[in-house]
Amino acid sequence: MPYLPFALASTVVLLLHAAGVVAAIHALMHTRTPQGAVAWVFGLVLLPYFTLLPYLFLGSKRFTGYVELHHSRQARLRQLDDPARLALSAQYPPHAGAQRYQAISKMLGVPFLSGHRLRLLVNGRASFDAIFEAIAGAEHYVLVQFFIIHDDELGRRLQAALLERAAAGVRVHVLYDGVGSHDLPATYDAILRAGGVQIHRFATRRWRNRFQLNFRNHRKVVVVDGWRGFVGGLNVGDEYLGLKPPLAPWRDTHMELQGPAVADLQLAFDENWHWINGEPLALLPPRAGDGKATSLIAATGPADAQETCSLFFVQAIHAARRRLWLTTPYLVPDSAVNAALQLAVFRGVDVRILIPAIADHRTVFLASTLYAHESVRAGIRIFRYQPGFIHQKVLLIDDDTAAVGSMNLDNRSLRLNFEITALNIDPAFASEVEQMLKTDFEQALEIDAADYERLHYPYRVLIHVARLFSPVL
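Computed from a predicted structure; not experimentally measured.

Calculation rules
Residues numbered from 1 in each chain as written. Predicted model: local features only at pLDDT ≥ 70, side-chain atom pairs only at ≥ 80, totals over all residues. Heavy atoms only, no water. Helix = DSSP H or I, 4+ residues; strand = E, 2+ residues; numbered from the N terminus. Buried < 20%, exposed > 50% of the residue type's maximum accessible area, 1.4 Å probe, protein only. Contact = heavy atoms within 4.5 Å. Areas by Shrake-Rupley, 256 points an atom, 1.4 Å probe, with all protein chains shown as cover. Axes fitted to C-alpha atoms, helices over the stretch in contact; angles between N-to-C directions. Parallel < 35°, antiparallel > 145°, perpendicular 65-115°, else oblique. Nonpolar A, V, L, I, M, F, W, Y, C, P; charged D, E, K, R; others polar. Salt bridge = Lys/Arg side-chain N within 4 Å of Asp/Glu carboxyl O. Phe/Tyr/Trp six-rings, centres within 6.5 Å; stacked < 30°, edge-to-face > 60°. Patch = residues over 30% accessible without salt bridge, like charges linked within 9 Å, V, L, I, M, F, W, Y side chains within 5 Å. Polar contact = N/O pair within 3.5 Å; in protein donor to acceptor, adjacent residues only side chain to side chain. Pairing = 2+ DSSP bridges.

## Observations concerning the overall build of the protein chain
And step 1. Scanning the protein chain from terminus to terminus reveals 17 helices and 17 strands.
And step 2. Evaluated residue by residue, the protein chain yields a buried proportion of 56% over its 473 residues.
And step 3. Pairs at least 24 residues apart make up 81% of the contacts formed inside the protein chain by residues separated by at least 6 positions.
And step 4. Of the roughly 19,800 Å² of accessible surface on the protein chain, 62% is carried by carbon and sulfur atoms.

This is the structure in structure tokens:
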């Protein structure tokens, strides 16, 4: 009898190790990077007691149906040599400066088009005032997609605005991420559905996927009547208006664009909608653009054949000749992006990165701290924003190019999440972004090359340990 508990424990241990080996084989075959594969394989084989459960949440990549839908739509709608695309490019010829970003255009199958009117929206109040004003004027449809929607004051303002348009006969379609908005109550959806709004959680599996924390939809998109588009870093919640200490004031950036590229913005939404709802949307073409800016909508994600978000950053960095300023809340770059940033310094480019001085996710902040100090030693200037938390994802290249969107400089954005960014070539818009970033840099403290040595040794150990988790941050 005394041997029974021992035998049972031995059986459980053997079963856990067997399951660990099976999971390790799965990780070996499906993990995107060698570093990630090595980490999972060793962890699952040697320590399955601690790694099996996290692998259920973080290691799965079962969304084959979505990948097939994505590739079929790309083949049908996004070929640069398609006659309709060629006609559109002839009607809206891009700025000559777009040539140095052609690799991005070819990779994504999306053309650069001119004729855009752009508006920079600094911080939450300006962004949501513009979004609510556009929604209030909707005549045909409204497309809304956010990673996070909270049932708070801002969330209820959005709810009321959408219900008002639905009552007026406007088609309203809403998507939000099931994990990002995990605490959104069912009553929020129910109120919208009762008022005629079509609303769905996004997931890479059509069934509820509680065991899939990766491959989230991090995009923030609003399109009104096919001709007014919004994209940027803001989600729907009071914290994005700077109303929730200790992260307040919240620093973020959105933008509005009007012109032919709005078609690609709404096509990205439509692909997600088609996957969740089973039917594509009836969409209107954008109105003729009356601006001068050249824009491209870069929609990236894990369904792509390549790691398109990482490659987007690499090509954009390589295109810089004089200046490369970027802001990111999470500085955890992969080796390709890190190398591109260092090479830009050797080319004589003024490389500056603005990151937070306070943490919203502790482990990411610790890993970012080590990357920041290593970047400074490589000649990259790193600044920590002091007034509050900086969440914006903005890229400024030379004197003519600026990107605004949802892409962070971490492994989740680079490989695991669905992201979207507007890449714009327009000296006037770039000048606005330059002035905005100058103000941000003036409110930041630059990290000195000697700062690392001033850190207490246990803290240095801690940030090195945090970096080990970079593949899942």
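## Considerations on the packing of helix 13 (residues 362-377) against helix 17 (residues 457-467)
Describing two packed helices takes the angle between their axes plus the distance from one axis to the other.
And step 1. At their nearest, the axes of helix 13 and helix 17 sit 8 Å apart, and the two run at 105 degrees to each other. Relative to helix 17, helix 13 is oriented roughly perpendicular. In contact with R362, T363, F365, L366, A367, T369, L370, Y371 and E374 of helix 13, helix 17 contributes Y459, L462, I463, H464, A466 and R467.
And step 2. Here the residues of the contact of helix 13 with helix 17 sort into nine nonpolar, three polar and three charged.

## A closer look at unusual backbone geometry
And step 1. In the segment running from P245 into P246, the intervening peptide bond is cis, with an omega of 5 degrees.
And step 2. Mapped onto the secondary structure, P246 falls in the loop between strand 6 (228-232) and strand 7 (250-251).
And step 3. A248 connects to P249 through a cis peptide bond whose omega is -5 degrees.
And step 4. Checked against the element boundaries, P249 lands in the loop between strand 6 and strand 7.
And step 5. With a phi angle near 55 degrees, D225 is a residue other than glycine that sits in the positive phi range.
And step 6. By the secondary structure assignment, D225 is in the loop between strand 5 (221-224) and strand 6.

## So, the packing of helix 11 (residues 308-319) against helix 12 (residues 335-346)
And step 1. Across the interface, helix 11 lies against helix 12 with an axial gap of 9 Å and an inter-helix angle of 5 degrees. One element, helix 11, and the other, helix 12, form an angle in the roughly parallel class. Contacts between helix 11 and helix 12 involve S310, F313, V314, I317 and H318 on the former and, on the latter, A336, V337, A340, L341, L343 and A344.
And step 2. Residues belonging to the contact of helix 11 with helix 12 are distributed by class as follows: nine nonpolar, two polar and no charged.

## A look at the side chain of Q266
And step 1. Structurally, Q266 is set in helix 10 (residues 262-277).
And step 2. In this structure Q266 comes out as buried when scored by relative accessible area, which is 3%.
And step 3. Those residues in contact with Q266 that lie beyond four places of it in its chain are Y141, L143, V223, G226, L283 and L284.

## Things to note about the pattern of salt bridges
And step 1. Enumeration according to the criterion identifies 23 salt bridges in this entry.
And step 2. We note a salt bridge from R323 to D399, for which the minimum N-O separation is 2.9 Å. Here D399 lies in the loop between strand 14 (394-397) and strand 15 (401-405) and R323 lies in strand 10 (residues 323-327), a separation of 76 residues in the sequence.
And step 3. Residue classification places R323 among the buried positions, given a relative accessible area of 4%.
And step 4. Exposure remark for D399: the relative accessible area of 42% places this residue in the partly exposed category.

## Let's talk about the packing of aromatic side chains
And step 1. Summed over all chains, the structure comprises ten aromatic pairs.
And step 2. Pairing Y101 with F112 gives two aromatic rings, centres 6.3 Å apart and planes at 45 degrees, and the pair type is tilted. Separated by eleven residues along the polypeptide, Y101 in the loop between helix 5 (83-91) and helix 6 (102-108) and F112 in the loop between helix 6 and strand 1 (113-122) bring together distant segments of the chain. The two residues Y101 and F112 agree in class, both being buried.
And step 3. Taking 5.6 Å as the distance between ring centres and 75 degrees as the angle between the ring planes, the aromatic pair formed by F202 and F418 counts as edge-to-face. One end of the pair, F202, is in strand 4 (residues 198-202); the other, F418, is in the loop between helix 14 (411-416) and strand 16 (419-425), and 216 residues separate them in sequence.
And step 4. The buried category is assigned to F202, whose relative accessible area is 1%.
And step 5. In this structure an aromatic cluster arises from ring pairing among F128, F132 and F146.

## A word on the environment of V461
And step 1. Along the chain, V461 turns up in helix 17.
And step 2. In the structure, V461 is positioned 91 residues away from L370 in sequence and 10.0 Å away in space, judged by C-alpha atoms.

## A word on a nonpolar patch on the surface
And step 1. A contiguous nonpolar patch, built from V13, V21, I25, L28, M29, V45, L46, L47 and Y49 and spanning about 830 Å² of accessible area, is present on the exposed surface.
And step 2. Looking at where M29 falls in the secondary structure, it is placed in helix 1 (residues 3-30).
And step 3. Relative accessible area serves as the criterion here: at 61%, M29 is assigned to the exposed category.

## Points about the environment of H95
And step 1. Among the secondary structure elements, H95 is positioned in the loop between helix 5 and helix 6.
And step 2. Once residues lying within four places of it in the same chain are set aside, the contact partners of H95 are T294, D400 and I425.
And step 3. Of the polar contacts made by the side chain of H95, one reaches the backbone nitrogen of G97; its length is 2.7 Å.

## Concerning the side chain of T369
And step 1. Mapped onto the elements, T369 comes out in helix 13.
And step 2. For T369, the side chain forms a polar contact with the main-chain oxygen of F365, separated by 2.9 Å.
And step 3. Ignoring anything within four residues of it in the chain, the contact list for T369 reads R384, Y459 and I463.

## So, the pairing of strand 5
And step 1. Along strand 5, one buried face is formed by V221 and V223 and the opposite face, lined by V222 and V224, is buried too.
And step 2. Note: strand 2 (residues 141-146) against strand 5, four bridges, orientation antiparallel. When the sheet's bridge partners are listed, L143 is paired in strand 5 with V223.
And step 3. Note that strand 5 and strand 6 share four bridges and pair antiparallel.

## Here we look at the pairing of strand 16
And step 1. Burial within strand 16 is extensive, with seven of its seven residues counted as buried.
And step 2. Residues E419, T421, L423 and I425 line one face of strand 16 and the alternating positions I420, A422 and N424 line the opposite face, and both faces are buried.
And step 3. Two elements, strand 9 (residues 293-300) and strand 16, share seven bridges in a ladder whose sense is antiparallel. Residue pairing across strands places S295 opposite N424, the latter belonging to strand 16.
And step 4. Both strand 15 and strand 16 contribute to a ladder of five bridges, which runs antiparallel. Within strand 16, the residue paired with G405 across the bridge is T421.

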